[in-house]
Amino acid sequence: MSTLSDPPKGTFRLSMLLNDSRYRSMTLQVIAATSLAFAILYLYSNLAANLRAAGLNISFLFLGSPAGYDINQTLIDYTSQSSNLRAAMVGILNTLLVAIMACITATVIGVIAGVLRLSNNWLVRKLMSFYVEIFRNIPVLIWIIIIFTIMTSVMPSPRDYRGETPKASMFLDSAAFTNRGVYVPKPVFQNGFSQNGGEEALADGGRKSRGLAKFAESGALDWIAVIAVLLASWQVTKRVNASAIKKQQETGVRPTTLYTNLAIWILPVVVLLFLLGLTWEYPALKGFNFSGGIKIGGPLIALWIALSVYTGAFIAENVRAGIQAVSKGQTEAAAALGLRSGRVMSLVVLPQALRVIIPPLISQFLNITKNSSLAIAVGYADITATLGGITLNQTGRAIECVLLLMLFYLVISLLISAVMNVYNNSMKLKER
Amino acid sequence: MSDTHPHTVAFVRETSIPQSSPPTSAAGPVKWMRDNLFATIPNGILTLLAIYVVYLVLSSTLPWIFNGVWDAKNLAECREILQGTSGACFAVLVERWPQLLFGFKYPATEYWRPVLAFVIMLVAIAPVLFFDLPRKLLIVTILFPFVAYWLIWGGTIWIPIFALLGFMAGYVAYSRFVTKSFALGFFGGIGGAVVVWIISGSIVPMLAPEQPYLEAVPSRDLGGYMLNMMLGITCVSLSIPLGIALALGRQSSMPLIKWICVVFIELIRGVPLITLLFVASVMLSYFFPPEQTVDLFIRVVIMITIFSAAYIAEVVRGGLAALPKGQYEAADSLGLDYSQAMRLIILPQALKISIPGIVNIAVGLFKDTTLVSVISMFDIIGMIRGPILASTDWNGVYWELLGFACLVFFVVCYSISQYSQWLERRLATDHR
């Protein structure tokens, strides 16, 4: 007996392509594929025709030619004779710099504001919701412009610091806030690697060590040493804490680790800094402007502060939602155990809330990175302003520049979400 | 009663004491302040700190606002009136009011047209937002895009009329074929509309009068807050259907469609809006036919629309994923086909879940319309930073102008988010 569900053979009609569920998805996909192919072909032929008409071609050789413009804030060596690729690198580093700085401060601001929004204090609660609503509902571009305007038109000019009775004075005699930027003291290592190692490597001669010498001279080795010592201290304190917990579990009494830990953190670093001969180079008024110290340009500060407070408002909402997602029983149980409210928050509520907070936090970090492209509005030389701005305008290579720009942001976005997903997985509730 | 114990007790109270009000420390404002402002010592310090901050802010801004000058020709005159006292110079808002709203090129005699379009918009949008209003108002909503186009751009009336005819033809074709299958109706509708538009492409130039009833205004003359509103409304209303389609495509069982949608969404979400606007301003024209120039406004609308559509798609996908699987299975077991199941069962529920997310995207999109000032379109920010602050009359009036920009964005964005909260309560069908 033949089953009823057997399809009748040999009766294929054209309408079955659309009406028969066996063929329909195939038909639709073929339609989609052909229309996509036609669309791409159409766009490509337009592109080719337009390029031919304009006498252009697609080529990335312009990256090697000299950029021909100056950048006021650079993390690596750069002159106007450097290549466009070097300018793009400067831009990339600047983007990463402001994005990382803003991510850190936005998280701090957001967590504080989010916790305070749930405070028992009526006034503080209201102030925080005022902050959140104000910053969430006004475009970040306006905030960047507002803070940039404060930086350029409200701050005193370097001229105000001169004379017998200056209109402005330096903060603690070490930092100057001017309309050209903020000058802060710069740490200098008197007998660090930059002084000794650099000369030794130069004495060696040879091409290979010259790069090393340059690297040593930049002071990077000193900082690597400091970071290595800090990492070592961190590992040692972890051991100390582990042994303290072990002792607590054995005897019920937790030995005081605070002083040991503080000593482990502070002493080695202080000794190292002393050995390296740390001194501070203070900014000083010379001529019409300050010199010495580290100059942080106004655009960078404007972008940094604006991105931090703007995104901080969003993070505050995420933090609040995360804390409210922790059931009230947890707080009450912690209180019943006799924990004080601060410890309830840090030991019981926040660790649980973190699981809810982290996924939206990731997207806020992504938003900061993408919003940092607004640097172009205040003249901070990030990748959008160098590659997508001046280089594009000077070389006229619109398609190449914009494609590279999009590629960079795409890679950064994918990287951040990949890293954060790994972290998210490690934080996830471990179930069966 | 007093004679029951005539000798044993000296005095017996026969009436109850009238209830006295609780002590001031346990009721009223004092109690409230003790609970909410000064519960603990740190809390009290926090309160005092907050009061101080509020005082600092208000003491500097309030005199500035209330002392404001509303009537002056330029900044110098304004300063003369103020005579060194702190005060805002709101005269700039009065004098540059049309520029802030309509840009600096829109013909001054035609300002009534965008205003009228705005009023019609309020009527058109009302039945969409509040479904208690009579459904007949939806006719205004349907006609609004065509009327608004004619009012704002002017020119021959036949363009919007034929555009409307095309949509009507498409609808007629759709309702004719949809009884057979949704796909047939869909493609039939598109075909009908396209046929009418192609025919009208040759008719309209013949019908166009020499002297149109409304003077034609080119897109590059649009500006000010009107531009932000136009971009916001157009892009939101276009990107919601596109976003839903992308979300459905991403959920599709057809691998090709699914991957097209995934790649598109992730590509768009990975790059900042600025780079897409660069694409619109310098790159997109290479992809159109050589002899055709597409208006910058349309190019920007395309880019912003696909940008927010990608985000809306993710929100809707979240809504689709949040539905219990039983809903899909129930729809299948009722014998509904894909389009019926989506239209009748799945999407109404999924969209209800995604309302807060969609509104967030819409608010973000409206705020992001300020970014067009970076590609030298004169929206409200572009007007403020460009023609107004650059003019000799008002060079240096930052805070009044930026404050105004903050205010207009805050009012719109805050009301949208309040509306979304109301809508959520309104649509809540689960009884809790």
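Residues numbered from 1 in each chain as written. Chains lettered and ligands numbered in written order. Predicted model: local features only at pLDDT ≥ 70, side-chain atom pairs only at ≥ 80, totals over all residues.

J.: Describe in detail the overall build of chain A, supporting the description with residues and values.
T.: Looking only at helices and strands, one finds 14 helices and 7 strands in chain A. Within chain A, the proportion of its 432 residues that are buried is 31%. Considering only intrachain contacts with a sequence separation of at least 6, the fraction spanning at least 24 residues in chain A is 64%. (Helix = DSSP H or I, 4+ residues; strand = E, 2+ residues; numbered from the N terminus. Buried ≥ 20, exposed ≤ 12 C-beta atoms within 10 Å, placed from the backbone. Contact = placed C-beta atoms within 7 Å.)

J.: Break down the domain arrangement of chain B for me, with residues and values.
T.: Assigned domains within chain B: domain 1 (22–57) and domain 2 (99–106 + 221–432). For domain 1 of chain B versus domain 2 of chain B, the separation of C-alpha centres amounts to 43 Å. (Domains from an automatic or database assignment.)

J.: Please set out the interface of chain B and chain A residue by residue, giving values where relevant.
T.: Taken together, the 44 residues of chain B in the interface contact 48 residues of chain A. Of all the secondary structure elements, the ones that give two or more residues to the side of chain B that touches chain A are α2 (41–66), α9 (182–207), α11 (255–270), α12 (273–283) and α17 (398–427) of chain B. Sorting elements by how many residues they give to the side of chain B that touches chain A places α17 of chain B first, with 8 residues. Among the residues making up the side of chain B that touches chain A, the classes are represented as 35 nonpolar, 8 polar and 1 charged. (Nonpolar A, V, L, I, M, F, W, Y, C, P; charged D, E, K, R; others polar.)

J.: Give me unusual backbone geometry: which residues, what numbers.
T.: Residue and element names in this part refer to chain B. Within the chain, Ser376 stands out as a residue other than glycine whose phi angle is a positive 50°. One can find Ser376 in the loop between α15 (338–368) and α16 (380–390). Residue Ser376 is classed as exposed on the basis of its 10 C-beta neighbours within 10 Å.

J.: Explain α17 of chain B residue by residue, including any values.
T.: With 30 residues, α17 of chain B ought to run about 44 Å at 1.5 Å a step, and its terminal C-alpha atoms sit 43 Å apart, in line with that. Within α17 of chain B, the full set of buried residues consists of Tyr398, Glu400, Leu401, Leu402, Ala405, Phe409 and Cys413 of chain B. Buried-residue contacts for α17 of chain B involve α5 (140–154) of chain A together with α4 (91–95), α15 and α16 of chain B. (Expected span 1.5 Å × (residues − 1).)

J.: Quick one: what's the story with the packing of helix α4 (residues 122–136) of chain A against α2 of chain B, residue by residue and with numbers?
T.: The contact between α4 of chain A and α2 of chain B brings their axes to 8 Å, and the two run at 45°. As judged from the angle between their axes, α4 of chain A and α2 of chain B are oblique. Read as a crossing pair, α4 of chain A and α2 of chain B show a hand that is left-handed. Two secondary-structure elements touch here, α4 of chain A through Leu123, Val124 and Leu127 of chain A and α2 of chain B through Leu46, Thr47, Ala50 and Ile51 of chain B. Class assignment for the residues of the contact of α4 of chain A with α2 of chain B results in 6 nonpolar, 1 polar and no charged. (Axes fitted to C-alpha atoms, helices over the stretch in contact; angles between N-to-C directions. Parallel < 35°, antiparallel > 145°, perpendicular 65-115°, else oblique. Left-handed = near helix turned anticlockwise from the far one by under 90°.)

J.: Lay out α2 of chain B in plain terms, naming residues and giving numbers.
T.: Residues and elements named next belong to chain B. With 26 residues, α2 ought to run about 38 Å at 1.5 Å a step, and its terminal C-alpha atoms sit 37 Å apart, in line with that. Considering bend angle alone, the principal kink of α2 is centred on Leu58 and spans about 25°. Of all 26 residues that make up α2, 2 are buried, and the element is exposed over most of its length. (Bend = angle between axes of the 7 residues up to and from the residue.)

J.: So what's going on with the pairing of strand β2 (residues 181–184) of chain A? Which residues, and what values?
T.: All names here are of chain A. In this sheet, β2 lies alongside strand β1 (residues 176–178) in antiparallel orientation, the contact comprising 3 bridges. Paired with Phe177 across the bridge in β2 is Val182. Here β1 folds back onto β2, and the loop between the two strands holds 2 residues. Pairing of β2 with strand β7 (residues 294–296) involves 3 bridges; the strand directions are antiparallel. When the sheet's bridge partners are listed, Val184 is paired in β7 with Ile294. (Pairing = 2+ DSSP bridges.)

J.: Before we move on, can you summarise the sheet that holds β2 of chain A with the specific residues and values?
T.: All names here are of chain A. Strand order in this open sheet of 3 strands is β1-β2-β7, and the pairing throughout is antiparallel. In this open sheet, the two strands that pair with only one neighbour each are β1 and β7. Strand-to-strand twist in this sheet, taken as the mean axis angle between neighbours without regard to direction, amounts to 20°.

J.: Describe the environment of Cys89 of chain B, listing the residues and the values that go with them.
T.: Residue and element names in this part refer to chain B. With respect to the helices and strands, the residue Cys89 is situated in the loop between α3 (75–82) and α4. For the pair Cys89 and Leu401, spaced 312 residues apart in sequence, the C-alpha to C-alpha distance is 9.4 Å. Among residues more than four places away in sequence, those in contact with Cys89 are Val69, Ala72, Leu75, Cys78, Val397 and Glu400.

J.: Explain the confidence of the model for chain B to me, using residue names and the numbers behind them.
T.: Of all residues in chain B, 98% have pLDDT values of 70 or greater, and the mean over the chain is 87. Highest mean pLDDT in chain B belongs to helix α10 (residues 224–251) of chain B (92); lowest belongs to helix α1 (residues 28–36) of chain B (82). (pLDDT = per-residue confidence, 0-100.)

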